[in-house]
Amino acid sequence: MSFFVGLGIGLSLIIAIGAQNAFVLRQGVRREHVFTVALLCAVSDAVLILLGVAGVGVALQAAPWLIVIARWGGVVFLVTYAILALRRALKPAETGLVATPDAAPSVATAAHGSGTTVTAKKSLTAVVLATLAITWLNPHVYLDTIVFLGSVAQTQGDGRWLFAIGAFTGSFAWFFALAYGTRYLGRFLSSAHSWRILDIVIAVFMLVIAAILAFGG
């Protein structure tokens, strides 16, 4: 169960983040260093999740009562994300993936995605630096992985490492699917209606996980 809770929460958080997904999707459309980008994103998530599980675990050993706070804090966090996703579903963006000028090595971001204008191919170094920047310079990634996932993992007791494995399994699966599935995902994510469906799915999934955390023991 811990593995699937980690997988579910990990996927929900990753899918809900726009800038990094937009960058991976863009690189997939451009067929530009796709494997490297997906691998860097996934490995970065795995490192941060492991740091969160290990680091927060050490901190909570000194104050076990914080696990209760972590559990209900996680419930509030997930319910809040679900509400925001439902609000986006009720008021979707006018468009999905919008074509925007390509600026090296920065990424144009939007509520749910970014454009993919094909220009001169960038060097591997430039793409690696851009990938690392959009991943490690985003403050939300630390809140989501080290703080949030690290805290929730402690509610799983001895299953916290299975939780961690589930979370970064979700990262690997999502980033590689996004990078290599652009031929199909690009069509799906090209309309506001598609994002509305995705947001509803995310909201429902997060509410289910919140219920598991709240009543799963």
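Throughout, a residue's number is its position along its own chain's written sequence, starting from 1. Reporting of local features is limited, given that this is a predicted model, to residues whose pLDDT is at least 70; pairs of side-chain atoms are given and counted only at 80 or more, and all residues count toward the totals for whole chains, interfaces and linings. Side-chain measures were taken over the full set of non-hydrogen atoms in the model, leaving aside hydrogen atoms and water.

1. Topic: the overall build of the protein chain
Stated precisely, the cut-off is as follows: For the purposes of this entry, the term helix denotes a DSSP run of H or I that reaches at least four residues, the term strand denotes a run of E that reaches at least two, and both are numbered from the N terminus. The classification of residues rests on relative accessible area computed with a 1.4 Å probe and restricted to protein chains. Under 20% of the type maximum is buried, over 50% is exposed, and intermediate values are partly exposed. Pairs of residues are marked as contacts when any of their non-hydrogen atoms sit within 4.5 Å. Method for areas: the Shrake-Rupley scheme with a 1.4 Å probe, in which residue coverage is limited to the protein chains shown.
Each helix and strand in the protein chain was counted, giving nine helices and zero strands. Sequence-ordered secondary structure for the protein chain, helices as α and strands as β, is α-α-α-α-α-α-α-α-α. Taking all 217 residues of the protein chain together, the buried fraction comes to 47%. Considering only contacts within the protein chain whose residues lie at least 6 apart along the sequence, 82% involve residues at least 24 apart. When the accessible surface of the protein chain is split by element, carbon and sulfur atoms take 73% of a total near 10,400 Å².

2. Observations concerning the packing of aromatic side chains
Heads up, the condition is: Only Phe, Tyr and Trp rings are paired, with Trp represented by its six-membered ring, and only when their centres lie within 6.5 Å; those with planes under 30 degrees apart are stacked, over 60 edge-to-face, the remainder tilted.
In the structure shown here, the tally under the stated rule is four aromatic pairs. Relative to F4, the ring of F3 has its centre 5.3 Å away and its plane inclined at 90°; by these criteria the two rings are edge-to-face. The exposure class assigned to F4 is exposed, which follows from its relative accessible area of 57%. Ring plane angle 55° and centroid distance 5.6 Å describe the contact between F35 and F176, whose orientation is recorded as tilted. Of this pair, F35 sits in helix α3 (residues 34–61) while F176 is found in helix α7 (residues 160–180), placing the two residues 141 residues apart along the sequence. Note on F35: relative accessible area 45%, which makes it partly exposed. Aromatic ring contacts, followed pair by pair, group F35, F172, F176 and Y180 into a single cluster.

3. So, the nonpolar core
Operational definition: Grouping buried Ala, Val, Leu, Ile, Met, Phe, Trp, Tyr and Cys residues that are joined through side-chain atoms within 4.5 Å yields what is termed a nonpolar core.
One finds I9, L78, L149 and F175 to be the most contacted residues of the largest nonpolar core, which totals 44 residues. Every element with two or more residues in this core is listed here: α1 (2–16), α2 (19–30), α3, α4 (66–90), α5 (124–136), α6 (139–154), α7 and α9 (192–215). Ranked by residues supplied to this core, first place goes to α9 with nine residues. Contact partners of F175, with chain neighbours within four places excluded, come to I14, Q20, N21, V24, A38, C41, A42 and D45.

4. Brief notes about α7
The cut-off we apply is this: The span expected for a helix works out to 1.5 Å for each residue beyond the first.
Taking 1.5 Å per residue, 21 residues should reach 30 Å; α7 reaches 30 Å between its end C-alpha atoms and fits that length. The complete set of buried residues in α7 reads F163, A164, G166, A167, F168, G170, S171, W174, F175, L178 and A179.

5. With respect to α9
Taking 1.5 Å per residue as the helical rise, α9 with its 24 residues ought to reach 34 Å, and the 35 Å between its terminal C-alpha atoms agrees with that figure. All of the buried residues along α9 are A192, S194, W195, L198, D199, I202, A203, M206, I209, A210, L213 and A214.

6. Concerning the side chain of T131
Mapped onto the elements, T131 comes out in helix α5. We classify T131 as buried; its relative accessible area is 1%.

7. Section: the environment of M1
Within the secondary structure, M1 is located in the segment before α1. Residues M1 and L162, 161 residues apart in the sequence, show an inter-C-alpha distance of 8.6 Å.

8. Concerning unusual backbone geometry
When glycine is set aside, most residues are seen to have a negative phi, and most peptide bonds are trans. Located in the positive-phi region is H33, a residue other than glycine, with phi close to 50°. With relative accessibility at 21%, the residue H33 sits in the partly exposed group.

Remember, this is a structural readout, not a statement about activity or role.
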